[in-house]
Every structure is written in structure tokens, then in C-alpha cells.
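Analysis of the macromolecular model
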Amino acid sequence: MNDSSWGAPQGTGQRAAPEMRAAPAGPAYDVHIAQQTRPMPIVPDVPDAGRDADDRDDRDQGAAHLSGGPLFRDEKPQEPMSTAPPPPPKKRAGRDLGAAIGVGVGLGAVVVASLFVVKAVFVGVIVVAVVVGLWELTSRLEERKGIKAPLVPLAVGGAAMVVAGYARGAEGAWAAMALTALAVLVWRMTEPPEGYLKDVTAGVFAAFYVPFLATFVAMLLTAGDGPQRVLTFLLLTVVSDTGAYAVGWRFGKHKLAPRISPGKTREGLFGAVAFAMVAGALCMQFLIDGGSWWQGLLLGLAVAASATLGDLGESMIKRDLGIKDMGTLLPGHGGIMDRLDSLLPTAPVVWLLMVIFVGSG
């Protein structure tokens, strides 16, 4: 190693170069590297000392924020956040209850007035409901799926079906149903063959789903205590829906059929069963000739089951069509079909059990 790297010998009077004094003593240090490697300047630790001070302030602020202190110098210390879970949101009704109650009371008044004044007038009410329901169903099918179920033969055949069921019983209803299906097949032949199969299939389905099931309401009316039977049918269906809504809204936690109708719960189903069974026992005991309270319990149980299935069935149809309501004719309710969804499948159930319990007279 070159001796000059260690400075001048003692006693010569020569001063070492500044670079030589900066180099630390030690046999393993290379002078050439020492000359090229200089110590980093020491920056004063003051707030305005450039980027390092800013970074340090950011780190201090972050630490203060994590420790619960103020984020900025002029910020007041915040109170420690509560670890208690937030209160659950209040449940809200899914419809305009004021409008729904008003429309329901109005419809009930029309039904009761026509039911106990002249039976034929109530048959006319059924026919109007059937025709409007068919119009809503066929309109939604065409709008959402492009299915053109012929409305004219359906409306005429549906009205004839209800009248035939009232006048001739089950035989008349079945005959009118067959003729309506045939009319749908023939009527659709006047248009191009593309889509013929899906159109007539939807037409036959609509004929069975709306007017044929509604025919059993007219058949209930033919008995001697027909108005009381129809009133029992309507009361039990409405009470079942009300019990399901009230109990499900207040206590519902477990979904009944989330893929079909997310709003329905098992607790709501239990409410429908309990309400309908109590109402059934009272109606059979005090309204129906020859009826008994235990028959009413069974009737209420059957009505709750059929009404729930009917509601789920139309929910499946609406979900397939991608709509919420079948119509907007009834404020707070939707369309006519949105009110018939529970009534239609319940009508044959009530008619059959009435025949079994107290006969068809």
C-alpha cells in the first residue's frame, strides 16, 4: 500500500491534506475509496427542512390519528368511537298503506253490496275481474316476452266460463274451458305461424289460471247459503294475507322462499296459518249452515297453504317477466291480478272442502 495515503511523517512539518484527515485510521480502509466517499451532510431537524420534515410530519400525523389524537394541529381531539353495534334500521312497509286500506275498503264494500243484494250482480263483478285480469296478464306477456296470447277469445270464453259455472256447475265450467281453449287455437291461426306454439300455450294457461279458477267462486254462490260461503272464502283469504304480512313484518327473520319472493318469511307463514284457522273456526261456526268450529280449523289451514302457494306462484310469474306488479289500476295494491293471486287458487280448495263438510246445497 502507498505510504502517502497515511499523510506526512511526523516531524517533517508538513500538514496532511483535508481529505487525509477525514479518512479514518485502519489498515483495511482503501484511500481511493475514501477520497470518493464523503459523509452525508447532516440536515437540521427543523420543521421547514424540506421533504424529510414533511414526511416526518405525515408520519407523526398518521401516528396521532392511529392513537386517537388529532389529525391536524388545529383539530380538536375526537371522542373515542363507540364499539357498540349500530341500531338496526326500522322496518318499513313495502307499500302505501293508506292507499291500500282505502282501496281495500272500497272493493270490500262493492263485493258485499253485490253479494247480498242480487247474486247475479256478484257474478257480473267476477266477470269484470276476470276480463281485467286477463288483459293485464296478456299485456305483460307481450310486453316482456313477446308472447301474443289472443285476448278476444280469452275474454269472451272467460266470461262464458264464469256464467256456465254459475248456471250449470262443474260440468258447464269444464265445457266452457274446453271451448275457450279451442277458440284460442283457431283464433291464432289467422296470424303467421312463427310463435304459434308459445302463443297458444300461453293462451290456454291464461284461460285456466284466471277464469277457470274464478269459476269456483261462482259455484260457491249457487248454494242456499252461497253469500255466506263466498264471504267466508273472501274473509279467510284476506285474513291469511293480513296475518302473514303483520307477523312477517314484525317478527320475520327466516326467509320462506328467497329466490321467489324475498319478502316472505316462515314467521309470516305461521301468522297466516294462525289467523286463518281462528277466522275459519268462527266463520264455520256462525256463518255456515251445519258447519262446526273444528271444520273451520281445517279450512283455515288449507286456505293459508293455498293462498301462500298462489302468492308464490304469481311471484314466480312476475319474477320471470321482470316486473314488480301486474298493473297499476289499484293504488297501493298494483293491478287486479296482484289481488287475485291468493284468491284464484284458494277458490277450488274452499269449494271442495265446503262440499265435503256441509254438502253442495
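Residues numbered from 1 in each chain as written. Predicted model: local features only at pLDDT ≥ 70, side-chain atom pairs only at ≥ 80, totals over all residues. Heavy atoms only, no water.

Going by what an unreviewed UniProt entry lists, the protein is known as Phosphatidate cytidylyltransferase and is assigned to Streptomyces brevispora. For the protein, the Subcellular location (unreviewed entry) comment in UniProt is given as "Cell membrane". (UniProt positions renumbered as here; feature names shortened; annotations may be inferred.)

**Quick look at the overall build of the protein**
Within the protein, the regular secondary structure consists of twelve helices and two strands. When the elements of the protein are put in sequence order from the N terminus, they spell out α-α-α-α-α-α-α-α-β-β-α-α-α-α. In the protein, which comprises 361 residues, the proportion classed as buried is 38%. Considering only intrachain contacts with a sequence separation of at least 6, the fraction spanning at least 24 residues in the protein is 67%. For the protein, the exposed surface amounts to about 21,500 Å²; the carbon and sulfur share of it is 66%. (Helix = DSSP H or I, 4+ residues; strand = E, 2+ residues; numbered from the N terminus. Buried < 20%, exposed > 50% of the residue type's maximum accessible area, 1.4 Å probe, protein only. Contact = heavy atoms within 4.5 Å. Areas by Shrake-Rupley, 256 points an atom, 1.4 Å probe, with all protein chains shown as cover.)

**Side note on the environment of Leu321**
Counting through the fold element by element, Leu321 comes out in helix α10 (residues 293-321). Sequence spacing of Leu321 and Glu143 is 178 residues, and the spatial spacing of their C-alpha atoms is 9.0 Å.

**Considerations on a nonpolar patch on the surface**
On the surface, Leu179, Leu182, Leu185 and Val186 cluster together to form a nonpolar patch covering roughly 360 Å² of accessible area. With respect to the element layout, Val186 can be found in helix α6 (residues 151-188). Judged by its relative accessible area of 47%, Val186 falls in the partly exposed class. (Patch = residues over 30% accessible without salt bridge, like charges linked within 9 Å, V, L, I, M, F, W, Y side chains within 5 Å. Salt bridge = Lys/Arg side-chain N within 4 Å of Asp/Glu carboxyl O.)

**Describing the nonpolar core**
Judged by nonpolar contacts, the single largest core of 60 residues is most densely connected at Ile126, Val230, Phe233 and Leu299. If one sorts the elements of this core by residue count, helix α7 (residues 196-221) sits on top with 15 residues. In terms of domain composition, this core takes at least three residues from each of domain 1 (112-222) and domain 2 (224-360). For Ile126, the residues in contact, after removing those within four places along its chain, are Val162, Ala214, Val217 and Ala218. (Core = buried A, V, L, I, M, F, W, Y, C linked by side-chain atoms within 4.5 Å. Domains from an automatic or database assignment.)

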